[in-house]
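So you can see what is in the structure, the chains are spelled out below.
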Amino acid sequence: GERILLQVAGEPPRLRQSGDCQAWRNHIGTLCHGNSRLMLAVSAAFAAPLAGQVGEESGGIHLVGQSSSGKTTILRVAASVWGGPEYLKRWRATANGLEAVATAHNDGLLILDELAQVDAREAGHIAYMLANGTGKQRAQRDGMAKRAASWRLLFLSAGEVGLADHMREAGRRARAGQEVRLADIPADTGSGSGAFEQLHGHASGAAMADALNHASGEHYGAPIREYLRQLTALPPGDVRDEFQRLRADFIGAHVPEDADGQAQRVAGRFALVAAGGEMATRLGLTGWSFGDAIEAAGTCFRAWLDRRGGAGSQEDAEALAAVRHFLESHGDARFSAIHDHDGRVVNRAGYRRQGERGKEFLILPETFKQEVCAGMDHQRVARLLRDRGLLITEAGRLNVKTSVGRCYVVTEDIHA
């Protein structure tokens, strides 16, 4: 029957409270209704404590958009579920600093604004770290391993650029795993009002943002307290069963049957977020109708799929793009007709010839391995091209014997 207060090492999350649940619902929850990005952010705030109970992994969602599009307003609204405006953090920190912040937000929602403020060379590593839930392994003075920091959380982020674009500024290439761990969705809904689809009587998106910013500075912290009070009173088995039902509803309604494992992994995160919003709604905290949170999360998941380019493998898409880029960049300068041994070709990559299906590029083996497939498994890329009907092969070999030696022969359909 005692009230237990948790003290953590370092700076704790700032969990202040102002107002009550009814005031939050009337001034913030009702304005979120009908706005997919706002509902997603609020649902994520309620979903964070569920992850541990239902066995879901950590992960993030990143809102990408131009300045003054409403991104920071969305983050402030999400922060109001947990605490005051200072609950929102910034990306402007080192990896070690964010490790400590993540530890303090264990089983909660971490909110980070302005991705461009973090060192582009560290951005991918930090995305991995936050989503994997484990800090850097360090040694004690005697050489024995210290206990590594660990956490489980959902994190919301925003910025004018996505993770891959930010990493590219430092000459780094984002891996598919990094982009899966931090899923980029456009903040702009395409409605003409920036991040908002419904203005609820406000004259413009800017006026709507002003109202939400003001309200989130006045009413905060009460929703998560009431949510946790009711959630912890429920039998854990009932919570897990309800989550599995809500997850199945979301997957069935919004995930393509042929979705790749990466897309399904991100879909699981959006399903967790949807479940958080649905459970908060059923506990009387949001002012929404049943099913609204699932629909909002589904809208945002489809926006992620559109930005990504579909539900297929990201590695496959990146591999095809790399081959296409190489041939578009060097098709004339580093390839000559196979019957024309032009000595003026500098740094030759291969030859061109006319095949049954049109133009074919004969790429020299080492060029294919070292340049076309730089940073990738060249055998995997070759098999992908073969399976897509873009590579001419012979029995048991991915390259073929030609008059100029063995080459990887790629058809011009690669440009389609």
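Quick summary incoming for the structure in this document. The shown structure was predicted, so the numbers you read here are calculated from the model rather than taken from an experiment. (Residues numbered from 1 in each chain as written. Predicted model: local features only at pLDDT ≥ 70, side-chain atom pairs only at ≥ 80, totals over all residues. Heavy atoms only, no water.)

## A short note on the overall build of the chain
Moving on, step 1. Counting its regular elements, the chain contains 16 helices and eleven strands.
Moving on, step 2. Projecting the C-alpha coordinates of the chain onto the three principal axes gives extents of approximately 85 × 60 × 40 Å.
Moving on, step 3. Within the chain, the proportion of its 416 residues that are buried is 50%.
Moving on, step 4. Long-range pairs, those at least 24 residues apart, make up 72% of the contacts in the chain with a sequence separation of at least 6.
Moving on, step 5. Accessible surface computed for the chain: about 19,300 Å², of which carbon and sulfur atoms make up 46%. (Helix = DSSP H or I, 4+ residues; strand = E, 2+ residues; numbered from the N terminus. Buried < 20%, exposed > 50% of the residue type's maximum accessible area, 1.4 Å probe, protein only. Contact = heavy atoms within 4.5 Å. Areas by Shrake-Rupley, 256 points an atom, 1.4 Å probe, with all protein chains shown as cover.)

## Points about the packing of aromatic side chains
Moving on, step 1. Tallied over the entire structure, the rule returns eight aromatic pairs.
Moving on, step 2. With a centroid separation of 5.5 Å and 80° between ring planes, the pair formed by Phe335 and Phe361 is classed as edge-to-face. In this pair, Phe335 sits in strand β6 (residues 335-337) while Phe361 sits in strand β8 (residues 358-363), placing the two residues 26 residues apart along the sequence. We note that Phe335, like Phe361, is buried. (Phe/Tyr/Trp six-rings, centres within 6.5 Å; stacked < 30°, edge-to-face > 60°.)

## Things to note about the pairing of β8
Moving on, step 1. The buried count for β8 comes to five of six residues, which makes it a mostly enclosed element.
Moving on, step 2. Sheet analysis places strand β7 (residues 350-355) next to β8, joined by six bridges and oriented antiparallel. By the bridge assignment for β8, Arg353 is matched with Glu360.
Moving on, step 3. Hairpin connection, β7 to β8: the antiparallel pair is bridged by two residues.
Moving on, step 4. Of the strand pairs in this sheet, β8 and strand β11 (residues 405-411) are connected by four bridges, and their pairing is antiparallel. The partner of Leu362 across the bridge, within β11, is Val409. (Pairing = 2+ DSSP bridges.)

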